[in-house]
Protein chains: 2
Amino acid sequence: MNNLYAVIMAGGSGERFWPLSTPRRPKQFVKLFGGKTLIAQAAERLEGLVPPERVLVVTARSLVAATRRELPQVPAENVVGEPMRRDTAAAVATACGLVKRRGGADAVCAILTADQLMSKPAAFRRILADAAVAAAKTDAIVTLGVTPTHPATGFGYVEPGARAKTGTRTPVFEARRFVEKPDAATAKTYVKKGFVWNAGMFIWRVAAMEQALAKHAPALAILAAAVADAAKPAGVLKKLYPQVPRISVDYAVMEKAEKVLVAAGDFGWDDVGSWSAIPNHFPADADGNAVAGAATLLDCSGVSVVGEGAPVALFGVKDLVVVSAKNAVLVCAKERVAELKKLVARLPVQ
Amino acid sequence: MNNLYAVIMAGGSGERFWPLSTPRRPKQFVKLFGGKTLIAQAAERLEGLVPPERVLVVTARSLVAATRRELPQVPAENVVGEPMRRDTAAAVATACGLVKRRGGADAVCAILTADQLMSKPAAFRRILADAAVAAAKTDAIVTLGVTPTHPATGFGYVEPGARAKTGTRTPVFEARRFVEKPDAATAKTYVKKGFVWNAGMFIWRVAAMEQALAKHAPALAILAAAVADAAKPAGVLKKLYPQVPRISVDYAVMEKAEKVLVAAGDFGWDDVGSWSAIPNHFPADADGNAVAGAATLLDCSGVSVVGEGAPVALFGVKDLVVVSAKNAVLVCAKERVAELKKLVARLPVQ
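Throughout what follows, the structure given in this document is the object of discussion. (Residues numbered from 1 in each chain as written. Chains lettered and ligands numbered in written order. Predicted model: local features only at pLDDT ≥ 70, side-chain atom pairs only at ≥ 80, totals over all residues. Heavy atoms only, no water.)

With that out of the way, let us pick up the overall build of chain A. Each helix and strand counted, chain A has 11 helices and 15 strands in total. The C-alpha atoms of chain A give a radius of gyration of 21 Å, which matches the 20 Å a tight globule of 350 residues would have. For chain A, the spread of C-alpha atoms along the three principal axes comes to 60 × 45 × 35 Å. For chain A, the proportion of its 350 residues judged to be buried stands at 57%. Counting contacts in chain A only where the partners sit at least 6 residues apart, residues at least 24 apart contribute 67% of the total. Looking at charge distribution, chain A has the averaged site of its 44 positive side-chain charges lying 4 Å from that of its 31 negative ones. (Helix = DSSP H or I, 4+ residues; strand = E, 2+ residues; numbered from the N terminus. Rg over C-alpha atoms; globule rule 2.2 N^0.38 Å. Buried < 20%, exposed > 50% of the residue type's maximum accessible area, 1.4 Å probe, protein only. Contact = heavy atoms within 4.5 Å. Lys, Arg positive; Asp, Glu negative; His and termini not counted. Charge placed at Lys NZ, Arg CZ, Asp CG, Glu CD.)

Spelled out as structure tokens, the structure:
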């Protein structure tokens, strides 16, 4: 499909993988998983489906230079910086304008994440291509769903309805409803009923998104149109961003849109959402210790260690996450890693 | 007393305060306690009693240069390096020879430690001066005893016998026997019976030590005599050290000597023997966390943190010792710090 554009959303506040990630170097720049930064992997997995000229990135203005360095194949002008932190709806409206300027109203835009892993990139390209076909043929917003591997409580779910007639190999369903992160019991019923994980990626025709914005978020429709009209978006963003609402795209558009589809499958999706992901990515010893980098352990169990800074030695401890980075050292109870934000909020300004 | 010489024994293998101490930079170079290195403090507390010209240091040859830098007031030739690791008896024999060459057979030699704290230096000088008087008047070896503050299990004890007629203000007793580190119950009976801690420091007249060595450790007597005869000790040490026994001075001499006295008192002695000393030297918060350096804590208790390297952040952990040094990071269960040597033995060669 020669009018498919991929817009990688590269925000992030750098809290979940502190101290490897920081506000100045958020999660998408972490190299721990897969040997390259997550954003480099996000762009590379598009190869063969979306050429670099049609890959765009919306990120913080302060991260534009670092992002361009990570993505040398992507044209510099395709990496666009937001002048201030807004929520995802503003970034999607900006993406809508950027893609319209390049490909017109019939171009298809895939909003993709910058900081997740996908261990089956070919499967991802296949489902993405089919979702793009579905989006091109309809006025629907097509979300990507992930077939659950277990009743996770850390993700939102999508309930699939009737199968849509998209003619694609990937099954595409009407999205009956989106549900928030469930408790454990609810998650089990969701999985039993065939709900899929909401991967936070969605695909739409420019004209379809323009209509949805005009109807549900007029201020964002104005932003999208202004970006589409601008030779360079920086001035428009600087002028309009202070005026657009801080709102998520889910709340501003997805929950209100008339037609939402979900293209579901297994592409080895892994959101590597916190330090608790370490044992999934580094081999554990018989005592459940998983080590990435330089570390010496004696009489430890259930410990996850990342040694990118000074080498680490642990003795007689259990169920900890220990991260030695050049800028800081983290020692965290394993059961508290999901709350790491609270600790980061207490740190002296870096 | 113008013929009192102080010989600071500065060995040490750098295991107990790893990673702040290392084999190349053992405990006497740690600056954490008192803001200066322990060896600098060991020399400074002699001021007013022993002039720098009569202060000597016996250390490892590899540590001579660093030791001289720490003690700029001490003449360079007074810092003597052992060519290989032997036990304390060889170092004492070397000290005996060095002091004889400078002060003759009637000079008094105080063998002192390099890596302990004494919070009452004036009291220490007083007891040391009195012990020197006692040693000058007799053929006894005078040990320094510390009045126990609690029934410690980490030190050896000395049982005092009859008071010796030394004419000193500090009470000096015959040392009835030396006992090893006791268990908790035994320690209580020791304290009740008036036993004192063996501080590992002792004072003797050169002639008295020569006699004791000749009688109990002839190979060491030969070493002492050769050092006394040499203009520069390095050649003698290089030649004789391979031949002298690896034996402690306690075993070689003290346990066999006919006349041993003990001068006991309170001079704020603190052997800072392991990381468990941290809470004694840095103020603890309400949750028992003691922090030296840069650290951020959230929901922690009973934690000791030393941040000399990358700043440390701890979340939801308890009863740990965490040390961030430039060369390495240690995370150790508090109850295991006494066994730190086992961990250090596993480290990659540094």
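This next bit is on the pattern of salt bridges. Within this structure, the stated rule accounts for 24 salt bridges over all chains. Arg336(B) is the partner of Asp299(A) in a salt bridge, and the nearest nitrogen-oxygen pair spans 2.7 Å. Here the residue Asp299(A) occupies a position in the loop between β12 (290-298) and β13 (304-315), and Arg336(B) occupies one in the loop between β15 (329-333) and α11 (340-344), the pair thus bridging two chains. Given a relative accessible area of 17%, Arg336(B) falls into the buried group. Residue Glu44(B) pairs with Lys36(B) through a salt bridge whose shortest N-O separation is 2.9 Å. In this structure Glu44(B) comes out as partly exposed when scored by relative accessible area, which is 31%. (Salt bridge = Lys/Arg side-chain N within 4 Å of Asp/Glu carboxyl O.)

Looking now at the packing of aromatic side chains. Residues and elements named next belong to chain A. One pass over the full model with this rule turns up 18 aromatic pairs over all chains. For the pair tyrosine 157 and tyrosine 190, a centre-to-centre distance of 5.2 Å together with 55 degrees between the ring planes defines the contact as tilted. Here tyrosine 190 lies in helix α5 (residues 184-192) and tyrosine 157 lies in strand β7 (residues 157-163), a separation of 33 residues in the sequence. For the residue pair tyrosine 157 and tyrosine 190, the accessibility class agrees, reading buried in each case. (Phe/Tyr/Trp six-rings, centres within 6.5 Å; stacked < 30°, edge-to-face > 60°.)

Residue and element names in this part refer to chain A. As for its placement among the helices and strands, lysine 27 is situated in the loop between β1 (4-10) and α1 (38-44). Classification of lysine 27 by relative accessible area gives buried; the value is 10%. Within polar-contact distance, the side chain of lysine 27 engages the backbone oxygen of aspartate 115 at 3.0 Å. Excluding its chain neighbours within four sequence positions, the residues that come into contact with lysine 27 are Phe17, Ser21, Leu38, Asp115, Asp271, Val272 and Gly273. (Polar contact = N/O pair within 3.5 Å; in protein donor to acceptor, adjacent residues only side chain to side chain.)

Taken together, the contact pairs 33 residues of chain B with 33 residues of chain A. Each partner contributes to the roughly 2500 Å² buried at the junction of chain B and chain A, and carbon and sulfur atoms together form 69% of this total. Of all residues in chain B, Phe315(B), Val329(B) and Val331(B) bury the most surface against chain A, accounting for 27% of the area lost on that side. There are 2 salt bridges connecting chain B and chain A. Counting across the chain B and chain A interface gives 12 residue pairs in polar contact (both at pLDDT 80 or more). Elements with a contribution of two residues or more to the side of chain B that touches chain A: β12 (290-298), β13 (304-315), β14 (320-324), β15 and α11 of chain B. The greatest single-element share of the side of chain B that touches chain A, amounting to 6 residues, is contributed by β13(B). (Buried area = accessible area lost by both parts, 1.4 Å probe.)

For the rest of this paragraph, the subject is the packing of helix α6 (residues 206-216) of chain A against helix α7 (residues 218-229) of chain A. If you want to describe how two helices pack, look at the angle between their axes and the distance between the axes. Residue and element names in this part refer to chain A. Between α6 and α7, the least distance of the axes is 6 Å, while the angle of their chain directions is 140 degrees. Considered as vectors, α6 and α7 are oriented oblique to each other. Facing α6, whose interface residues are Leu213, Ala214 and His216, α7 presents Pro218, Leu220, Ala221 and Ala224. A class-by-class count of the residues in the contact of α6 with α7 yields 6 nonpolar, 1 polar and no charged. (Axes fitted to C-alpha atoms, helices over the stretch in contact; angles between N-to-C directions. Parallel < 35°, antiparallel > 145°, perpendicular 65-115°, else oblique. Nonpolar A, V, L, I, M, F, W, Y, C, P; charged D, E, K, R; others polar.)

The next point concerns a negative patch on the surface. Residues and elements named next belong to chain B. A cluster of acidic side chains, namely Asp87, Glu180, Asp250 and Glu255, defines a negative patch on the protein surface. Relative to the elements of secondary structure, glutamate 180 occurs in the loop between β8 (172-179) and α5 (184-192). Given the relative accessible area of 63%, glutamate 180 is considered exposed. (Patch = residues over 30% accessible without salt bridge, like charges linked within 9 Å, V, L, I, M, F, W, Y side chains within 5 Å. Areas by Shrake-Rupley, 256 points an atom, 1.4 Å probe, with all protein chains shown as cover.)

Another aspect to go through is the relation of the copies chain B and chain A. For the pair chain B and chain A, the relating rotation is 180 degrees, the translation along its axis is 0.0 Å, and the fit reaches an RMSD of 0.1 Å. Considering both components of the superposition, the chain copies are consistent with a two-fold axis. The share of interface residues of chain B whose copies in chain A are also at the interface is 100%, consistent with both copies meeting through the same surface. (Least-squares fit on C-alpha atoms with pLDDT ≥ 70 in both.)

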